[in-house]
Amino acid sequence: MRSLLALLIVAGITVFFRDALPRANQTTVALSFLLAILAVSAVWGMTVSVLMSIAAILALNYFFLPPVGTLTVADPENWVALFAFLVTSVTGSRLSSRIRREADIANRRRREIEHLYAFSQKLLGEGNVIQLMNAIPNHIVDAFESGAASLFLADKQKFYRSGYGTLQLEEEQLRLAYEREEPYVDTARGFCYGPVRLGMKSIGSFGISGAPLTRQTLEAVGTLLGIAIERTRAVEQLSRTEADRQSERLKSALLDSITHNFRTPLTSIKASVTSLLSAHPPQGSHQQELLEIMNEECDRLNKLVEDASEMSKLEAGEIELEFRAVPAVRTDRCGLGEL
């Protein structure tokens, strides 16, 4: 269809200069053909423009170069002109096609960079390793507009998948990309595989279907995944370190509180025992009172020890819940319980 349209353009230019502008010189006609060829080359490529160049030479020779109406060239200078026109049109078509191809490559790279930026922004939003692993395939599908994506982590030997047709991304190919530590593009099936890198070390691999990416983009995606995974692990480690530090501070505060609570009954017991063992021990009711204080303080001390033991079990996760039925109690305004 493009070739047919190119031939129709040549025919249109020929009819225009032959019928509408019959006095136009040969240079004007040749430049008009050349401009049309360059425009077609920029839009439809090199092959169509070469075909159009040959058709333009034949039309220029037959309709505008003497003897008109034949393909015979009487003047040798016209041979030079035709050859120069052919070389100029083909060279211009080639340059135009090259510029167009480079522009397409630049636009594709620009889109890939935009996708990489959006992908990196999504990776930075995760703060938990498990959530990040499950979200990475979804982020790949969304950022690169692919059909499916898979992630393989070597240390866990686990696969994470997302999108339609994830089973087509073979586990063997993912393992192979991890072992080879280099991207692999299956152009026939539309699959891309790449290693997940952390520095010079490969920690896994990923696969994408339905979105043909360059090797440079696959390398960048693998590096971003490695950085995101390591960053999330570092954040979790920092959170655990901070939690441990806060736990140690809490333990220190609890120990100070328990020590203070222990010191009070021990002081009372010590004072009572000292009075009973003195040279003039108390008699009667006073002695009985000291003994009661010692008994109460011993009970209090025992209760504190039990509370401390239960707290340590609670912190260690060794508490066992006991489920049993209890009667409902209604409390009146005076705070007295009533069954």
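Fair warning: this is a prediction, and the values are worked out from it, not measured in the lab.

A.B. asks: Can you explain the overall build of the protein chain? Please cite residues and give values.
C.D. replies: Helices and strands together make up the secondary structure of the protein chain, namely 8 helices and 7 strands. Buried positions account for 31% of the 339 residues belonging to the protein chain. Sequence separation of 24 or more characterises 54% of the internal contacts of the protein chain that already satisfy a separation of 6 or more. Approximately 21800 Å² of the protein chain is accessible, and the part contributed by carbon and sulfur atoms is 59%.

A.B. asks: Can you lay out a nonpolar patch on the surface for me, pointing to particular residues and giving the numbers?
C.D. replies: On the surface, a cluster of nonpolar side chains totalling about 440 Å² of accessible area is made up of Met1, Leu4, Leu5 and Leu8. For Leu5, the position within the fold is in helix H1 (residues 2-20). Judged by its relative accessible area of 34%, Leu5 falls in the partly exposed class.

A.B. asks: If you had to explain helix H2 (residues 26-44) to someone new, which residues and values would you point to?
C.D. replies: An ideal rise of 1.5 Å per residue puts 27 Å on 19 residues; H2 measures up with 26 Å between its terminal C-alpha atoms. Along H2, the residues classified as buried are Val29, Ala30, Phe33, Leu34, Ala36, Ile37, Val40 and Ser41. Down the axis of H2, the buried set is contained in an arc of 165°. They therefore lie on one face. Opposite the packed face of H2, turned more than 90 degrees from it, sit the exposed residues Thr27 and Leu35. Just beyond H2, the residue with positive phi is Gly45, at close to 105°.

A.B. asks: Quick rundown of the packing of aromatic side chains? Include the residues and the values.
C.D. replies: Working definition: an aromatic ring pair is given by the centre-to-centre distance plus the angle between the planes. Summed over all chains, the structure comprises 5 aromatic pairs. Put simply, the rings of Phe152, Phe159 and Tyr178 touch in pairs and so form one group of aromatic residues.

A.B. asks: Describe in detail the pattern of salt bridges, supporting the description with residues and values.
C.D. replies: Side-chain pairs of opposite charge can arise where the charged atoms are in close proximity. Tallying each qualifying case throughout the model produces 3 salt bridges. One salt bridge connects Arg110 with Glu114, and the closest N-O pair in it is separated by 3.0 Å. Of this pair, Arg110 and Glu114 both sit in helix H4 (residues 76-124), 4 residues apart, roughly one helical turn. With a relative accessible area of 44%, Glu114 lands in the partly exposed category. The partner of Glu322 in a salt bridge is Arg324, and the shortest N-O contact between them spans 3.7 Å.

A.B. asks: Got a sec to walk through the packing of H2 against helix H3 (residues 46-63)? Specific residues and values, please.
C.D. replies: For the pair H2 and H3, interaxial distance at closest approach is 8 Å and the crossing angle is 165°. Here H2 is positioned roughly antiparallel relative to H3, judged by the angle of their axes. The chirality of how H2 crosses H3 is right-handed. In this structure, H2 contributes Gln26, Val29, Ala30, Phe33, Ala36, Ile37, Val40, Ser41 and Trp44 to the contact, and H3 contributes Met46, Val48, Ser49, Met52, Ser53, Ala56, Ala59 and Leu60. Looking at the contact of H2 with H3 residue by residue, the class counts come to 13 nonpolar, 4 polar and no charged.

A.B. asks: Hey, could you go over the nonpolar core for me, with residue numbers and the actual values?
C.D. replies: Grouped together as the largest cluster of nonpolar side chains are 27 residues, with contacts concentrated most on Met133, Ile136 and Leu225. For Met133, the residues in contact, after removing those within four places along its chain, are Leu151, Leu153, Tyr160 and Ile229. In terms of nonpolar packing, the next biggest core, distinct from the first, is built from 20 residues, Val29, Ala30, Met52 and Ala59 among them.

A.B. asks: Hey, could you go over the side chain of Ser205 for me, with residue numbers and the actual values?
C.D. replies: Take Ser205: it is sitting in strand E5 (residues 201-209). Polar contacts involving the side chain of Ser205 include one to the main-chain carbonyl oxygen of Leu174, which spans 2.6 Å. When neighbours within four sequence positions are excluded, Ser205 is seen to be in contact with Ser150, Leu151, Phe152, Leu174, Arg175, Ala177, Tyr178, Gly194, Pro195 and Val196.

Thresholds, definitions, all that
- Residues numbered from 1 in each chain as written.
- Predicted model: local features only at pLDDT ≥ 70, side-chain atom pairs only at ≥ 80, totals over all residues.
- Heavy atoms only, no water.
- Helix = DSSP H or I, 4+ residues; strand = E, 2+ residues; numbered from the N terminus.
- Buried < 20%, exposed > 50% of the residue type's maximum accessible area, 1.4 Å probe, protein only.
- Contact = heavy atoms within 4.5 Å.
- Areas by Shrake-Rupley, 256 points an atom, 1.4 Å probe, with all protein chains shown as cover.
- Patch = residues over 30% accessible without salt bridge, like charges linked within 9 Å, V, L, I, M, F, W, Y side chains within 5 Å.
- Salt bridge = Lys/Arg side-chain N within 4 Å of Asp/Glu carboxyl O.
- Expected span 1.5 Å × (residues − 1).
- Arc of directions from axis to C-beta.
- Phe/Tyr/Trp six-rings, centres within 6.5 Å; stacked < 30°, edge-to-face > 60°.
- Axes fitted to C-alpha atoms, helices over the stretch in contact; angles between N-to-C directions.
- Parallel < 35°, antiparallel > 145°, perpendicular 65-115°, else oblique.
- Left-handed = near helix turned anticlockwise from the far one by under 90°.
- Nonpolar A, V, L, I, M, F, W, Y, C, P; charged D, E, K, R; others polar.
- Core = buried A, V, L, I, M, F, W, Y, C linked by side-chain atoms within 4.5 Å.
- Polar contact = N/O pair within 3.5 Å; in protein donor to acceptor, adjacent residues only side chain to side chain.

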